[in-house]
Protein chains: 2
Amino acid sequence: MSNCSHCIMKRFNALKTLTHDELERFSDHKTSLIIKKGENLMTEGNSINGLYCIQDGKCKLTKLNTNGKEQIIKFVKGGDILGHRSILSEEPVGLNATALEDMRVCFIPKGDILESIKDNPQFSLNLIKNISLQLSHANTAISQMAQKPVKDRLAETLLSLEEIFGVDNEDCIDVILTREEIANTIGTATESAIRLLSNLKKDGVIDLLGKKIKILNKNSLKNISEGY
Amino acid sequence: MSNCSHCIMKRFNALKTLTHDELERFSDHKTSLIIKKGENLMTEGNSINGLYCIQDGKCKLTKLNTNGKEQIIKFVKGGDILGHRSILSEEPVGLNATALEDMRVCFIPKGDILESIKDNPQFSLNLIKNISLQLSHANTAISQMAQKPVKDRLAETLLSLEEIFGVDNEDCIDVILTREEIANTIGTATESAIRLLSNLKKDGVIDLLGKKIKILNKNSLKNISEGY
DNA sequence: TCCTATAAATGACATTTATCATTTATTTTT
DNA sequence: AAAAATAAATGATAAATGTCATTTATAGGA
């Protein structure tokens, strides 16, 4: 089995401040698993007894509304960690994590995490910073959901998707989402999302190649996202 | 000057886990101040070099949108603390804190807070839990802003205001907000908020006594907030 | 207490967004 | 490869929400 000490994924997350000994302990206790597209890594309301470190693959974090609609709160990719909020706050998981493609993830038991939190203040601080940053993003999202029209939110979301996932060899945003998932991200009806995407294409701001989306004019999208 | 060891406010927040010695240190270094209605305790983008402990009075936490609109993210009252997120994440303050009425607050310098964080793991953990809980609420808010109609969000907000501030001796929600502030909480136009409040009154669900709002039928509001 | 400024309320109307129905395209299964 | 299932696209229409204009009420200052 692979070794946490040599894993490059920890470069990208809070695990980077762990000592060699701590990483060896993680290696000894961790399990690697494959999550198939569509499967859940975490489920809203369930408890979790460890931390997931994403090796490869993408997932969406969602919340089911009282009216049965899915709201996508955040996208997660290789190098990100999941489950630390629940471990730290000793509360059930608040969001569903559903694989958008096949994923490889490592699972590190809660006990090892808590031990490092106790022994390694820098590690704790990194986890706190991670959660603080999420809170900061969430507050921005509240404001935008509440006050920006759907068109602006779509533009914003496309920019942010490219920011998160980058582009493939054809300059398309490197993630495959259904129109429904895009709609569930910006908080609108699927038909509205489709119509607004078509308009953006007609205006030459983006190109649509099946499910792949290519941003042609980033400045224009930025303006739209700010209401111009 | 008053003494942190004897202050009952710490019962309500993360400071409750501090030792007597730590509280004495806080007492020695803290400053008490009065914030007048309308004044800012914190300002978006500014840095902050300490933690505020609210003794008395209420404030709103807001974010200014790119379009110039104010979004109210959260309400804060006596017993709450402010500024710990910024201290922990070493980032500028993300929200404005504006007094809704005259406030009495204590300011504890960053150095003392950081020392307690280092020495007192239970204190750190309480701060983390506080931030985690805020994140959890924020995610719920995103989902509701994105997917619920304005009427539902108004009902939800009225219930939550009564939850936070309680009722006065006439059973009215114990906080004075302008219609514009209510609109900025639920994310709608002031006129829409006014109209929906009038409708709720006409339907006998609430009563409007000037700026004071009395909830007459909590169950009915709960149903409305869930789309029935 | 009156005057002025600000907030609340309401109507008319425009715009945005959702819903329903249907067609067309794309995947998936057999 | 054909059939079936699912997703995307589009039109027609309804519903929700925002904007502007105006009136009425309330609060704060001279």
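See the structure shown above.
Residues numbered from 1 in each chain as written. Chains lettered and ligands numbered in written order. Predicted model: local features only at pLDDT ≥ 70, side-chain atom pairs only at ≥ 80, totals over all residues. Heavy atoms only, no water.

Asker: Where do I start with the overall build of chain A in this structure?
Answerer: When its secondary structure is counted, chain A shows eight helices and 10 strands. Rg of the C-alpha trace for chain A: 19 Å, near the compact-globule value of 17 Å for 228 residues, within the 12% margin. Counting only C-alpha atoms, chain A reaches 55 × 40 × 30 Å along its principal axes. Classification of the 228 residues of chain A by burial places 51% in the buried group. For chain A, the proportion of contacts with a sequence separation of at least 24, taken over those separated by at least 6, is 69%. In the structure as shown, chain A presents an accessible area of about 10,600 Å², 48% of it carried by carbon and sulfur atoms. Charge-centre separation for chain A: the mean point of 30 positive side chains lies 4 Å from the mean point of 30 negative side chains. (Helix = DSSP H or I, 4+ residues; strand = E, 2+ residues; numbered from the N terminus. Rg over C-alpha atoms; globule rule 2.2 N^0.38 Å. Buried < 20%, exposed > 50% of the residue type's maximum accessible area, 1.4 Å probe, protein only. Contact = heavy atoms within 4.5 Å. Areas by Shrake-Rupley, 256 points an atom, 1.4 Å probe, with all protein chains shown as cover. Lys, Arg positive; Asp, Glu negative; His and termini not counted. Charge placed at Lys NZ, Arg CZ, Asp CG, Glu CD.)

Asker: I tried to follow the protein's contact with DNA strand D on my own but got confused; where do I start?
Answerer: Every one of the 15 residues lining DNA strand D counts as a neighbour, but A:Arg179, A:Arg195, B:Val150, B:Thr188 and B:Arg195 are closest to it. Close to the protein, within 4 Å, the atoms of DNA strand D belong to sugar or phosphate groups at a rate of 54%. Take B:Ala189: an N or O atom from its main chain is 3.3 Å from a phosphate oxygen of DNA strand D. The leading source of residues in the surface near DNA strand D is helix α7 (residues 190-202) of chain A, at four residues. (Near = heavy atom within 4 Å. Polar contact = N/O pair within 3.5 Å; in protein donor to acceptor, adjacent residues only side chain to side chain.)

Asker: Even after reading the chapter, I still don't get the sheet that holds strand β3 (residues 50-56) of chain A, so can you show me in this structure?
Answerer: Note on sheets: strands pair through backbone hydrogen bonds, and any given pair is parallel or antiparallel. Residues and elements named next belong to chain A. Taken in spatial order, the four strands line up as β1-β8-β3-β6 in an open sheet, and their pairing is antiparallel. Looking at strand neighbours, the two that pair on one side only are β1 (31-35) and β6 (81-82), the edges of this open sheet. Looking at chain direction, β1 and strand β8 (residues 103-109) are connected through five bridges and run antiparallel. Bridge pairing in β8 places Leu33 opposite Val105. (Pairing = 2+ DSSP bridges.)

Asker: What is the right way to look at the protein's contact with DNA strand C in this model?
Answerer: Taken together, 15 residues lie near DNA strand C, and A:Val150, A:Thr188, A:Ser192, B:Arg179 and B:Arg195 sit nearest. Near the protein, within 4 Å, the atoms of DNA strand C are sugar or phosphate in 57% of cases. Here a phosphate oxygen of DNA strand C and a side-chain polar atom of A:Ser192 are 2.9 Å apart. In this structure, A:Arg195 approaches DNA strand C through a side-chain N or O atom, which is 3.0 Å from a base oxygen. Listed by contribution, the elements that provide at least two residues to the surface near DNA strand C are α7 of chain A together with α6 (179-186) and α7 (190-202) of chain B. Here the surface near DNA strand C takes four residues from α7(B), the largest share from any one element. Of the residues contributing to the surface near DNA strand C, the split by class is four nonpolar, four polar and seven charged. (Nonpolar A, V, L, I, M, F, W, Y, C, P; charged D, E, K, R; others polar.)

Asker: When you look at the state of the cysteines in this model, what are you seeing that I'm missing?
Answerer: As used in these notes, a disulfide is a covalent bond between sulfur atoms, one from each of two cysteines. Enumeration over the complete set of coordinates arrives at zero disulfides over all chains. The structure places no disulfide on B:Cys4, whose sulfur is separated from the nearest cysteine sulfur, that of B:Cys106, by 6.0 Å. (Disulfide = S-S within 2.5 Å.)

Asker: I'm lost on the relation of the copies chain A and chain B in this one. Help?
Answerer: Put simply, the second copy of the chain is the first one after a rotation about an axis and a shift along it. After a rotation of 180° and a shift along the axis of 0.0 Å, chain A superposes on chain B with an RMSD of 0.0 Å. Such a turn and shift between the copies fits a two-fold axis. With an isologous cut-off of 70% or more, the 100% of interface residues of chain A that recur at the interface of chain B puts this contact in the isologous class. (Least-squares fit on C-alpha atoms with pLDDT ≥ 70 in both.)

Asker: How should the interface of chain A and chain B be read in this particular structure?
Answerer: Often the size quoted for an interface is simply the accessible area lost on bringing the parts together. Counting from both sides, the interface comprises 36 residues of chain A and, opposite them, 36 residues of chain B. Of the roughly 3,600 Å² buried at the junction of chain A and chain B (both faces included), carbon and sulfur atoms supply 62%. On the chain A side of the contact with chain B, A:Leu135, A:Ile142 and A:Gln147 bury the most area, a combined 19% of that side's loss. The interface formed by chain A and chain B holds two salt bridges in total. Along the contact surface separating chain A from chain B lie 12 residue pairs in polar contact (both at pLDDT 80 or more). Elements supplying a minimum of two residues to the side of chain A that touches chain B: β5 (70-76), α2 (84-89) and α4 (121-147) of chain A. For the side of chain A that touches chain B, the leading source of residues is α4(A), giving 18 residues. Taken together, the residues that form the side of chain A that touches chain B break down as 13 nonpolar, 14 polar and nine charged. (Buried area = accessible area lost by both parts, 1.4 Å probe. Salt bridge = Lys/Arg side-chain N within 4 Å of Asp/Glu carboxyl O.)

Asker: How should the pairing of β8(A) be read in this particular structure?
Answerer: A regular strand carries its side chains on alternate faces of the sheet. Residue and element names in this part refer to chain A. Burial of β8 is extensive: five of the seven residues sit out of reach of the surface. Inspection of the sheet shows β3 paired to β8 by six bridges, in the antiparallel sense. Looking at β8, one finds that Cys53 is bridged to Cys106.

Without other data, these values stay purely geometric and don't point to any function.
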